[in-house]
Amino acid sequence: MNIQKVTDKPGENAFFLVYTLLDTGTTVEKVKELCGNFAAFGRSMRGRYPEANVNCVMGFGADAWGRLFPDKPRPKELYPFREIRGDKHTAVSTPGDLFFHIRSKSAGVCFEIAENIDNALQGVVVSEDEVHGFRYFDGRSIIGFVDGTENPEGDESCKAAVIGDDDPMYKGGSYAFVQKYIHDMKAWNKLSVEEQEKVIGRRKFNDIELGDDEKPENAHNAVTNIADADGNELKIIRANMPFAYPSKGEYGTYFIGYAGAFSTTRRMLENMFVGDPIGNTDRLLDFSKAVTGTLFFVPTFDMLDELAED
Ligand code: HEM
């Protein structure tokens, strides 16, 4: 099975593209053509720039899936993302039919792939959102904390990010959930380092986890740490990237979580935005506002070929 590389590290540069489909006579044909060529885009760039760590992932929103492939049943957990509204914070739901996550050491290579994709879709899509993220020092989020530490590795990463036997038809696929967050850096920077550490649940300088006696119940890594009924931790793969436009005062995190079961990501979101118990919301949200939120299904490369021929 030729799985899209959803378990890779966040990388040095990442372009995130979200499109909606236009209703034209050639929409379905053009998207299917891209499905057939998509693996080759990455292959060609990897061949040309072997050192550039190229990785590109393509996903589909729920509405688009039904429109593009009416004969293929929907993957089990693919629905338009239902907004999560707590008393204090809201995880909004925003439109998106096609999604591309392009990673490379070289921003130029990311651009080249993004341009190829955009050319292939000319006339049949409109852009909903595009974010260019960068690696910040030793893998820090824009708020200064190392991001991605507790991601599972090796076999565990596939177990977390890739669909297994629960949905045999779509085995090897993944659910990508994306959210663009804007941070209130003025408020964040007013906190002392010790206070910031209590928000995240880790030390800022050396990334060591706070002990249970020090970690508040509303710390980010406390509310997102979840387990199944047998006490086994439930994990996803995160490949978040910081982005920033300092002269405009805009500082953000592009959150992306790949999961074999979207219900796992959703539970983390409910814990953050509503709280468990209700009201124990993620302290990080007092400094971070989600301005987008969209769910996509990422098929295997083999499925992409099949979808092209369908
Ligand atoms: C404002 C956006 C976000 C930022 C800046 C952020 C940042 C961080 C940081 C710095 C850590 C600690 C290091 C690590 O283990 O990676 C962390 C942990 C984590 N985050 Fe986030 N995060 C964000 C949003 C989210 C969202 C939306 C989810 C889930 C849907 C999530 C899930 C997790 C999980 C599962 C952990 C590991 C918890 C554990 O220690 O077991 N994060 N995040």
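Preceding this section is the structure that the text describes.
Now for a quick tour of the structure. (Residues numbered from 1 in each chain as written. Predicted model: local features only at pLDDT ≥ 70, side-chain atom pairs only at ≥ 80, totals over all residues.)

## A closer look at the overall build of the protein
Part 1 of the argument: Per the secondary structure count, the protein includes 9 helices and 14 strands.
Part 2 of the argument: For 310 residues, the compact-globule estimate of 2.2 N^0.38 gives 19 Å, and the protein sits close to it at 19 Å.
Part 3 of the argument: For the protein, the C-alpha atoms occupy an extent of roughly 55 × 45 × 35 Å along the three principal directions.
Part 4 of the argument: Residue burial in the protein is summarised as follows: out of 310 residues, 44% are buried.
Part 5 of the argument: If you take every contact in the protein between residues at least 6 apart in sequence, the share linking residues at least 24 apart comes to 76%. (Helix = DSSP H or I, 4+ residues; strand = E, 2+ residues; numbered from the N terminus. Rg over C-alpha atoms; globule rule 2.2 N^0.38 Å. Buried ≥ 20, exposed ≤ 12 C-beta atoms within 10 Å, placed from the backbone. Contact = placed C-beta atoms within 7 Å.)

## Here's the deal with the packing of helix H1 (residues 27-48) against helix H3 (residues 107-120)
Part 1 of the argument: The contact between H1 and H3 brings their axes to 10 Å, and the two run at 160°. By the angle class used here, H1 and H3 are roughly antiparallel. Crossing of H1 against H3: the hand is right-handed. Across the interface between the two elements, Lys-30, Glu-33, Leu-34, Asn-37, Phe-41 and Met-45 from H1 touch Val-109, Glu-112, Ile-113, Asn-116 and Ala-120 from H3.
Part 2 of the argument: Partitioning the contact of H1 with H3 into residue classes produces 6 nonpolar, 2 polar and 3 charged. (Axes fitted to C-alpha atoms, helices over the stretch in contact; angles between N-to-C directions. Parallel < 35°, antiparallel > 145°, perpendicular 65-115°, else oblique. Left-handed = near helix turned anticlockwise from the far one by under 90°. Nonpolar A, V, L, I, M, F, W, Y, C, P; charged D, E, K, R; others polar.)

## Quick word on the site of the ligand
Part 1 of the argument: As a structural note, the neighbourhood of the ligand is formed by 26 residues, with Thr-149, Glu-150, Asn-221, Thr-224 and Met-268 the closest of them.
Part 2 of the argument: Of all the secondary-structure elements, those providing two or more residues to the shell around the ligand are strand E7 (174-183), helix H7 (220-223), strand E12 (250-259) and helix H8 (262-273).
Part 3 of the argument: Among the residues forming the shell around the ligand, the class breakdown is 9 nonpolar, 13 polar and 4 charged. (Near = placed C-beta within 6 Å.)

## Concerning the nonpolar core
Part 1 of the argument: Counting residues in hydrophobic clusters, the biggest one holds 84 residues, and the most contacted among them are Phe-100, Ile-113, Ala-161, Ala-176 and Val-178.
Part 2 of the argument: Top element by residues in this core is strand E1 (residues 13-21). It accounts for 7 residues.
Part 3 of the argument: Residue contacts for Ile-113: discarding those within four places in its chain leaves Phe-41, Met-45, Cys-56 and Ile-102. (Core = buried A, V, L, I, M, F, W, Y, C linked by C-beta atoms within 7 Å.)

## Quick look at the pairing of strand E5 (residues 98-104)
Part 1 of the argument: Of all 7 residues in E5, 7 are buried, a share of seventy percent or more.
Part 2 of the argument: The alternating pattern of E5 places Leu-98, Phe-100, Ile-102 and Ser-104 and Phe-99, His-101 and Arg-103 on opposite faces, both of which are buried.
Part 3 of the argument: Where E1 and E5 come together, 7 bridges link them in antiparallel fashion. Residue pairing in the sheet places Asn-13 in a bridge with Ser-104 of E5.
Part 4 of the argument: Direction of pairing for strand E2 (residues 55-60) relative to E5: antiparallel, over a ladder of 6 bridges. The residue bridging Val-57 from the neighbouring strand is His-101, located in E5. (Pairing = 2+ DSSP bridges.)

## Comments concerning the pairing of E7
Part 1 of the argument: Among the 10 residues in E7, 9 count as buried, and that is most of the element.
Part 2 of the argument: Examined bridge by bridge, E7 and strand E14 (residues 294-298) share 5 bridges and lie antiparallel to one another. Note on E14: the bridge partner recorded for Ala-176 is Phe-296.
Part 3 of the argument: Here 8 bridges tie E7 to E12, and the two strands are oriented antiparallel to one another. Residue Lys-180 lies in a different strand from E12, and its bridge partner there is Tyr-254.
Part 4 of the argument: In terms of strand pairing, E7 meets strand E13 (residues 288-290) through 3 bridges, oriented antiparallel. Each residue of the ladder has a partner; that of His-183, found in E13, is Ser-288.

## What about unusual backbone geometry?
Part 1 of the argument: Residue Pro-277 is reached from Asp-276 by a cis peptide bond, and omega for that bond is 5°.
Part 2 of the argument: As for its placement among the helices and strands, Pro-277 is situated in the loop between H8 and E13.
Part 3 of the argument: The backbone of Asn-53 sits at a positive phi, close to 45°, despite the residue not being glycine.
Part 4 of the argument: Topologically, Asn-53 is positioned in the loop between H1 and E2.
Part 5 of the argument: Taking the C-beta count within 10 Å as the criterion, Asn-53 has 17 such neighbours and is therefore assigned partly exposed.

## Observations concerning H1
Part 1 of the argument: A rise of 1.5 Å per residue sets the reference length of H1, with its 22 residues, at 32 Å; its end C-alpha atoms lie 30 Å apart and thus fit the reference within 8%.
Part 2 of the argument: Residue Asn-37 marks the point of greatest curvature in H1, where the axis turns by about 45°.
Part 3 of the argument: For H1, the elements touching its buried residues are E2, helix H2 (62-68), H3 and helix H9 (301-309). (Expected span 1.5 Å × (residues − 1). Bend = angle between axes of the 7 residues up to and from the residue.)

## Some thoughts on helix H6 (residues 193-200)
Part 1 of the argument: Looking at H6, one finds that the buried residues are Gln-196, Glu-197, Val-199 and Ile-200. Relative to the axis of H6, the buried residues are bounded by an arc of 155° and lie together on one face. Every exposed residue of H6 that faces more than 90 degrees away from the buried side is listed here: Glu-194 and Glu-195.
Part 2 of the argument: Next to the buried residues of H6 lie H7.
Part 3 of the argument: Immediately downstream of H6, the backbone of Gly-201 shows phi near 95°, a positive value. (Arc of directions from axis to C-beta.)

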